[in-house]
Amino acid sequence: MPALSPARQTLLLFLLALAVLFPGIWEATGLTGKDEFFLGLRTPMEMIEGDHWLVPFLDGAPRIRKPPLLYWLGRASYETLGISLASARLVNVLFAALLIVSTAGIARRLSGKSDTGLIAGGVLLGCLGMASEARRLMLDVPVAALSTAAFWSLLVWLDSGKKRWLTAASVLLAAGFLTKGPIVALVCGGGCLALLVGGRLRLTRLRQQFLPIAGHVLLTAALALPWFFIVRALFPDAA
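Residues numbered from 1 in each chain as written. Predicted model: local features only at pLDDT ≥ 70, side-chain atom pairs only at ≥ 80, totals over all residues. Heavy atoms only, no water.

### Digging into the pattern of salt bridges
Link 1 in the chain: Applying the stated criterion across every chain yields a total of eight salt bridges.
Link 2 in the chain: Of the charged contacts, one joins Asp159 and Arg109 as a salt bridge, the two residues approaching to 3.0 Å between their closest N and O atoms. Of this pair, Asp159 sits in helix H8 (residues 140-160) while Arg109 sits in helix H5 (residues 85-111), placing them 50 residues apart in sequence.
Link 3 in the chain: Look at the salt bridges and you will find they share partners, linking Asp51, Arg75 and Glu79 into a network. (Salt bridge = Lys/Arg side-chain N within 4 Å of Asp/Glu carboxyl O. Helix = DSSP H or I, 4+ residues; strand = E, 2+ residues; numbered from the N terminus.)

Here you go:
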């Protein structure tokens, strides 16, 4: 049987992840926790009630202990599909599918073997933690997915030299920062350090690409940081 092309393998894993993780997310008896119940599910509803977009609100106060991206997406899903457990948790299921295909893409690119990517994606999809955390509107899976996808994009850029993949990595890192702050650098930064230690990425290559890298670091900052300054200006006591 011929190996699947990378694009078809990615699509297959994405659809498989949805088929495995989506069923049952609408059940009130499904796995939840106080953070999802009291924070994740309620915050987008209060944003709709008070017509808040820029700054999430909860119990009449700005919800700024965490960045807003997940709550923005939660509100968008509520307004598009209606307020329900399914519409809220669908956001995390989609992020989980992104995490699975990104992991497969990294494995496939590092090993040079299509089957390795398929196995890596399947192993991650079969993990108990994925079965539980991917089906709740929480921050951890989204930030892991965005960080992993950013590292995958960096790998493609290193291999192809096409700047659009560096731009994609910058946008994904900014989105991860707007999801849970600087912890987004954990997976992506750890992967880059491993590339340096393993010799796949060399400092001479980074020096040669200093200008595009510096420009994309500024792009990441320009996308990720303004919200924090705006919040500090609007709510100095809370911030």
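Continuing now.
### Focus on the environment of Arg135
Link 1 in the chain: Along the chain, Arg135 turns up in the loop between helix H7 (128-133) and H8.
Link 2 in the chain: A residue is classified by how much of its surface remains accessible, and Arg135, at 22% relative accessible area, is partly exposed.
Link 3 in the chain: Along the chain, Arg135 and Ala175 lie 40 residues apart, while their C-alpha atoms are 20 Å from each other.
Link 4 in the chain: Excluding residues that lie within four positions of it along the chain, Arg135 makes contacts with Val20, Leu21, Phe22, Pro23, Gly24, Ile25, Glu36 and Arg89. (Buried < 20%, exposed > 50% of the residue type's maximum accessible area, 1.4 Å probe, protein only. Contact = heavy atoms within 4.5 Å.)

### Here's the deal with the packing of H5 against H8
Link 1 in the chain: The geometry of H5 relative to H8 is characterised by a closest axis approach of 8 Å and an angle of 30° between their N-to-C directions. Classed by the angle they form, the pair H5 and H8 counts as roughly parallel. The hand of the H5/H8 crossing is left-handed.
Link 2 in the chain: Here the contact of H5 with H8 is composed, by residue class, of 17 nonpolar, five polar and three charged. (Axes fitted to C-alpha atoms, helices over the stretch in contact; angles between N-to-C directions. Parallel < 35°, antiparallel > 145°, perpendicular 65-115°, else oblique. Left-handed = near helix turned anticlockwise from the far one by under 90°. Nonpolar A, V, L, I, M, F, W, Y, C, P; charged D, E, K, R; others polar.)

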